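# Structure assessment
One-letter residues, chain by chain:
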Amino acid sequence: MTSQPSEPSPRPAPTGGLRASHDDREAVVEQLRDAAAEGRIDLDELDSRLEQALSSKTHDELAALTADLPRPESAVDLPPLELNGGMHGASRGPGHWEVPGHVIARGGMGGVKIDFSRAECRLREVVVEAYGEAGGVTVVIPDGWAAETGGMDPGFGGLKDKTAPDRLPGTPLIRLTGSGGMAGVVVRHPNRWERRKLQG
């Protein structure tokens, strides 16, 4: 009895033929505007390309509009951010800073605070590897952002998740890993004092 040749498995559709989302179109629009500001394309060409970008339906169509422009640096390309509390503590934020895909925080003796309140985050997910050690780690995320803490070992100091479970569409997910150590890890939204400072 001869065996029948198996049917070839369907190949996945190439990424370029996939349908583009509103975010995909908006990213190209921003890149085109930056190119015009740098003098790479003139205003007439900008208007033409913007019109095409907003009506593009696939990734291929969008890619053709920026094929002759330098590729912008992606947040994925950024090296991990490492914060070490040491003896005197360390912090990042609440001022403007660009978020990489991986943040490593070691509380040391002085503790570490990571404040995403005014950060620029172009990623859908950020891994925060937090080790509370003796000083602890505090992570502050804006309202509407969400935290996933299932990968954390609470350690002796514990893990306190004071964030709201509701996540707004298009906002990043902060995925916490690591260990609470002696002093623990806290993830929360801005407190009253921090909110007042942000509004000022």
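Figured I'd write up the structure that's included with this text. (Residues numbered from 1 in each chain as written. Predicted model: local features only at pLDDT ≥ 70, side-chain atom pairs only at ≥ 80, totals over all residues. Heavy atoms only, no water.)

## Comments concerning the pattern of salt bridges
Any two side chains of opposite charge can pair if their charged atoms end up close together. The final tally for this structure, using the stated rule, is nine salt bridges. Across the pair Glu38 and Arg40 runs a salt bridge, and its minimum N-O distance is 2.7 Å. Between Arg49 and Asp68 there is a salt bridge, with the nearest N and O atoms lying 3.0 Å from each other. Of this pair, Arg49 sits in helix α2 (residues 43–55) while Asp68 sits in the loop between α3 (59–66) and β1 (81–84), and the two are 19 residues apart along the sequence. The class of Asp68 is exposed, set by a relative accessible area of 54%. Linked by salt bridges that have partners in common, Glu45, Arg49 and Asp68 make up one network. (Salt bridge = Lys/Arg side-chain N within 4 Å of Asp/Glu carboxyl O. Helix = DSSP H or I, 4+ residues; strand = E, 2+ residues; numbered from the N terminus. Buried < 20%, exposed > 50% of the residue type's maximum accessible area, 1.4 Å probe, protein only.)

## A look at the packing of aromatic side chains
Applying the stated criterion to the full structure yields two aromatic pairs. Ring centres 5.3 Å apart and planes at 40° place the aromatic pair Trp97 and Phe116 in the tilted group. With Trp97 in the loop between β2 (90–92) and β3 (102–106) and Phe116 in the loop between β4 (112–115) and β5 (125–131), this residue pair connects regions lying 19 residues apart in the sequence. Seen in terms of ring centroids, Phe116 and Trp145 are 5.8 Å apart; in terms of plane orientation they differ by 50°. Their pairing is tilted. One end of the pair, Phe116, is in the loop between β4 and β5; the other, Trp145, is in the loop between β6 (137–140) and β7 (146–153), with 29 residues separating them in the sequence. We classify Trp145 as buried; its relative accessible area is 10%. Here the aromatic cluster, defined as three or more aromatic residues joined through ring pairs, consists of Trp97, Phe116 and Trp145. (Phe/Tyr/Trp six-rings, centres within 6.5 Å; stacked < 30°, edge-to-face > 60°.)

## Quick notes on the nonpolar core
Ile114, Phe116, Val126, Val128 and Val139 are the most contacted members of the largest nonpolar core, which has 25 residues in total. Sorting the residues of this core by element identifies β1, β3, β4, β5, β6, β7, β9 (173–179) and β10 (185–188) as the ones contributing at least two each. Ranked by residues supplied to this core, first place goes to β5 with three residues. With residues up to four places along the chain from it excluded, the contact list for Phe116 reads Trp97, Val99, Val128, Val139, Val140, Ile141, Pro142, Trp145 and Ile174. (Core = buried A, V, L, I, M, F, W, Y, C linked by side-chain atoms within 4.5 Å. Contact = heavy atoms within 4.5 Å.)

## Concerning the side chain of Ser56
Tracing the sequence through the fold places Ser56 in the loop between α2 and α3. Here Ser56 falls in the buried class, since its relative accessible area comes to 6%. A distance of 2.7 Å separates the side chain of Ser56 from the backbone oxygen of Gln52, its partner in a polar contact. Aside from chain neighbours lying at most four places away, what touches Ser56 is Arg25, Glu61, Leu62 and Leu65. (Polar contact = N/O pair within 3.5 Å; in protein donor to acceptor, adjacent residues only side chain to side chain.)

## Overview of the sheet that holds β1
The strand order across the open sheet formed by five strands is β1-β3-β5-β9-β7, and the pairing between neighbours is parallel. Every interior strand has two partners, whereas the edge strands, β1 and β7, have only one. On average, adjacent strands in this sheet sit at an angle of 15° to one another, irrespective of strand direction. Two strands pair when backbone bridges link them, and β3 and β5 are joined in this way by five bridges, in the parallel orientation. When the sheet's bridge partners are listed, Ala105 is paired in β5 with Ala130. (Pairing = 2+ DSSP bridges. Axes fitted to C-alpha atoms, helices over the stretch in contact; angles between N-to-C directions.)

## A word on the packing of helix α1 (residues 22–37) against α3
Where α1 contacts α3, the two axes come as close as 10 Å, and the packing angle between them is 5°. Here α3 runs roughly parallel to α1, going by the angle between their axes. Side by side, α1 and α3 meet where Asp24, Arg25, Val28, Gln31 and Leu32 of the first sit next to His59, Leu62, Leu65 and Thr66 of the second. Of the residues in the contact of α1 with α3, the class split is four nonpolar, three polar and two charged. (Parallel < 35°, antiparallel > 145°, perpendicular 65-115°, else oblique. Nonpolar A, V, L, I, M, F, W, Y, C, P; charged D, E, K, R; others polar.)

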